[in-house]
Amino acid sequence: MPSGRPLVAGIDSSTQSCKVVVCDAETGEQVRAGSAPHPPGTEVHPDHWWDALQRAISAAGGLDDVEALAVGGQQHGMVCLDEAGAVVRPALLWNDTRSAPAALDLIAELGGAQAWVDAVGLVPVASFTVTKLRWLRDHEPEHAARTAAVCLPHDWLTWRLSGAAGLDTLVTDRGDASGTGYWSPSTGAYRRDLLELGLGHDAVVPTVLGPADRAGTTPAGQVLGPGTGDNAAAALGLGAVSGDVVLSIGTSGVACAVADHPVGDVTGAVAGFADATGRFLPLVATLNAARVLDAAVRLLGTDFAGLDELALSAPAGADGLVLVPYLEGERTPNKPDATGALHGLRLDTMDPAHVARAAIEGMLCGLADGLDAVRALGTPVERVLMVGGAARSPAVREIASAVLGLPVTVPQPGEYVARGAARQAAWVRAGGDEPPPWVLADTVEARAEPTPAVRERYAEVRELTANRP
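Residues numbered from 1 in each chain as written. Predicted model: local features only at pLDDT ≥ 70, side-chain atom pairs only at ≥ 80, totals over all residues. Heavy atoms only, no water.

Caption draft 1: Quick peek at the side chain of Thr 15. Mapped onto the elements, Thr 15 comes out in the loop between β1 (7–13) and β2 (17–24). Only 2.8 Å separates the side chain of Thr 15 from the side chain of Trp 94, close enough to count as a polar contact. Apart from the residues within four sequence positions on either side, Thr 15 is in contact with His 38, Pro 39, Gln 74, Leu 93, Trp 94 and Asn 95. (Helix = DSSP H or I, 4+ residues; strand = E, 2+ residues; numbered from the N terminus. Polar contact = N/O pair within 3.5 Å; in protein donor to acceptor, adjacent residues only side chain to side chain. Contact = heavy atoms within 4.5 Å.)

Next up, the structure:
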């Protein structure tokens, strides 16, 4: 890359790690990158995110030559601050399901699911911030009483990067705010009554900035973008446009579509989020995604290449063997206490190849159900972009095309959340109505004959297990 070109940085503070990429501001070409792990668990003190960010910046060669940066972060995490800006307790992350009963209480108290859809475009489930606040109010009232401000992981990191001057300097964006349960994508305003319904009292919440608004500067004078949630950042990093669906298969499974208008789903399957460009991002998330494949690898005593080989050696539909992959409970459908089931075992299906095929098909059928829910709300589905660690699997790519009945486009492996944050930083730096036209690297397209019978058989078994814990 020629010297002297302006550089921007994007940060992905995810559940498992922090990643930093430095890119050419004009072309999007990645110049260097670094990463550092986060501690495991479903509650983490935010200081660990800050420490990991410093290590990731160091691993990326520092940011002294960067003109602008932005943060993409795991959504929904509850970060509570006291009046002095100190963290009140470790943050509850999106995948902490202890607030499932609180979600039911909140739904009932507002008058049902439709009332929540009308208010904020979603129905509370355990992952959303408002339910975690209610859990805090009910189970740790002393911590709820100390809470003077509530923000999200990416908000907190942006605040720290800006110097953390005071609670009134907290900022966020539409994409991440729309996953709290107390901000409305359709009106663009907070519902403080819902914040109070959760926490028990009002609190400072971050100012919601526009997609290309400046969030301030670092102490070194670098421009800060508003940042966004990880799913909105990934869509921005992939260049997703109206009609595109991003299928992300990582720790969680996500199907989200770029839409021109807000949506609401009274069933709660689809969350009517906003995106990072001023548009909307109806989204379905599953708890059981790539970890289903991890579990299958352990069970079968193989590696991921071996899992691919086994799965592709079995016939589509695995001769009727079906895995309902609720191995960690499930968010969509909302069954936090559910367990998985392997149904259809016979002498001729009780072998590694059939189990491998059933594991991949079961994981993908759960995501396909989510994609159907997005489509049912009138959102067009014209192109599927698959990302995440599992997208590197030839078996997952081929079986996904067959299960979804669509060609699947797979970009080259990359850190698309961090790339999206970097693209936002470039947008904020340059200004304008649209982000810079960064072009994706070479992509791979998977095409397979559609297999509707696989979905039908999965639906039969899913219903058989629907009423089981």
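Caption draft 2: Summary view of the pattern of salt bridges. Enumeration according to the criterion identifies 27 salt bridges in this entry. A salt bridge links Arg 346 to Asp 348, with the shortest nitrogen-to-oxygen separation between them at 3.2 Å. Of the residues examined, Arg 346 reaches a relative accessible area of 41% and is grouped as partly exposed. Two residues, Arg 447 and Glu 445, come together in a salt bridge whose shortest N-O distance is 2.7 Å. Residue Arg 447 is classed as exposed on the basis of its relative accessible area of 62%. Linked by salt bridges that have partners in common, Asp 369, Asp 372, Arg 375, Arg 455, Arg 462 and Glu 463 make up one network. (Salt bridge = Lys/Arg side-chain N within 4 Å of Asp/Glu carboxyl O. Buried < 20%, exposed > 50% of the residue type's maximum accessible area, 1.4 Å probe, protein only.)

Caption draft 3: Up close: the nonpolar core. Of all hydrophobic cores here, the largest spans 50 residues; its most connected members are Ile 249, Ile 360, Leu 364, Met 386, Val 396 and Val 408. When residues of this core are assigned to their parent elements, the largest contribution, 12 residues, is made by helix α12 (residues 352–376). Contact partners of Met 386, with chain neighbours within four places excluded, come to Leu 247, Ile 249, Ala 391, Val 396, Ala 400, Val 408, Thr 409, Val 410 and Pro 411. Listed in part, the 44 residues of the second largest apolar core include Ala 235, Leu 238, Val 246 and Ala 271. (Core = buried A, V, L, I, M, F, W, Y, C linked by side-chain atoms within 4.5 Å.)

Caption draft 4: Local environment of the sheet that holds strand β18 (residues 271–274). The sheet built from seven strands is open, its strands ordered β18-β19-β17-β16-β22-β23-β24 with mixed pairing. Only two strands of the sheet have a single partner each, and these edge strands are β18 and β24 (443–446). Direction aside, the axes of adjacent strands within the sheet are offset by 30° on average. Where strand β16 (residues 244–249) meets strand β22 (residues 383–387), five bridges bridge the pair, whose relative direction is parallel. When the bridges of β22 are listed, Val 245 appears paired with Val 384. Packing against the sheet, helix α9 (residues 230–238) makes contact with β16, β17 (253–257), β19 (280–286), β22 and β23 (408–411), and its axis sits at approximately 120° to β19. (Pairing = 2+ DSSP bridges. Axes fitted to C-alpha atoms, helices over the stretch in contact; angles between N-to-C directions.)

Caption draft 5: Seen up close, the layout of surface pockets. Size it by volume and the largest pocket reaches roughly 930 Å³. Ser 248, Gly 250, Thr 251, Gly 388 and Gly 389 are, among the 39 residues lining the largest pocket, the residues nearest its centre. Counting residues per element, the ones that place at least two in the lining of the largest pocket are β2, α9, β16, β22, β23 and α14 (416–430). In terms of residue count, the dominant contributor to the lining of the largest pocket is α9 (three residues). (1 Å grid on protein atoms, 1.4 Å probe; cavity = no way out; pocket = protein on both sides within 12 Å on 5 of 7 lines; lining within 4 Å. Points joined across faces, edges and corners; volume = space filled by probe spheres on them.)

Caption draft 6: Seen up close, the packing of aromatic side chains. Overall, the coordinates contain three aromatic pairs when judged by the stated rule. Between Trp 49 and Trp 156, the ring centres sit 6.4 Å apart and the planes meet at 75°, which makes this aromatic pair edge-to-face. Of this pair, Trp 49 sits in helix α1 (residues 46–59) while Trp 156 sits in helix α6 (residues 153–162), placing them 107 residues apart in sequence. Taken together, a centroid distance of 6.3 Å and an interplanar angle of 25° make the contact between Tyr 182 and Tyr 190 stacked. Judged by relative accessible area, which is 22%, Tyr 190 ranks as partly exposed. Just above the ring of Trp 135 sits the side chain of Arg 98; from NZ or CZ to the centre is 4.8 Å. The cationic tip of Arg 160 hangs over the ring face of Trp 50; the distance from NZ or CZ to the ring centre is 4.3 Å. (Phe/Tyr/Trp six-rings, centres within 6.5 Å; stacked < 30°, edge-to-face > 60°. Lys NZ or Arg CZ within 6 Å of the ring centre and 35° of its normal.)

Caption draft 7: Local environment of the side chain of His 76. When you line up the elements, His 76 lands in the loop between β5 (68–73) and β6 (79–81). In this structure the side chain of His 76 is engaged in a polar contact, spanning 2.8 Å, whose partner is the backbone oxygen of Gly 179. When neighbours within four sequence positions are excluded, His 76 is seen to be in contact with Trp 94, Ser 127, Phe 128, Thr 129, Lys 132, Leu 152, Asp 176, Gly 179, Phe 273 and Arg 331.

Caption draft 8: Seen up close, α1. Between the first and last C-alpha of α1 there are 20 Å, a value that for 14 residues agrees with the 20 Å anticipated at 1.5 Å per step. One or two residues past the end of α1 sits Gly 61, with phi positive at roughly 85°. (Expected span 1.5 Å × (residues − 1).)

Caption draft 9: Spatial organisation of the environment of Asp 118. Following the sequence through the fold, Asp 118 ends up in helix α3 (residues 113–120). Residue classification places Asp 118 among the exposed residues on the basis of a relative accessible area of 56%. Along the backbone, Asp 118 and Val 263 are 145 residues apart, and their C-alpha atoms lie at a distance of 9.8 Å. In terms of polar contacts, Asp 118 uses its side chain to reach the side chain of Gln 114, at 2.8 Å.

Caption draft 10: Main features of the packing of helix α2 (residues 100–110) against α3. Axis separation between α2 and α3 bottoms out at 7 Å; the angle between their running directions is 85°. In terms of orientation, α2 and α3 fall into the roughly perpendicular class. Residues Leu 106, Ile 107 and Leu 110 of α2 form the contact with α3, whose participating residues are Ala 113, Ala 115 and Trp 116. Per-class residue counts for the contact of α2 with α3 are six nonpolar, no polar and no charged. (Parallel < 35°, antiparallel > 145°, perpendicular 65-115°, else oblique. Nonpolar A, V, L, I, M, F, W, Y, C, P; charged D, E, K, R; others polar.)

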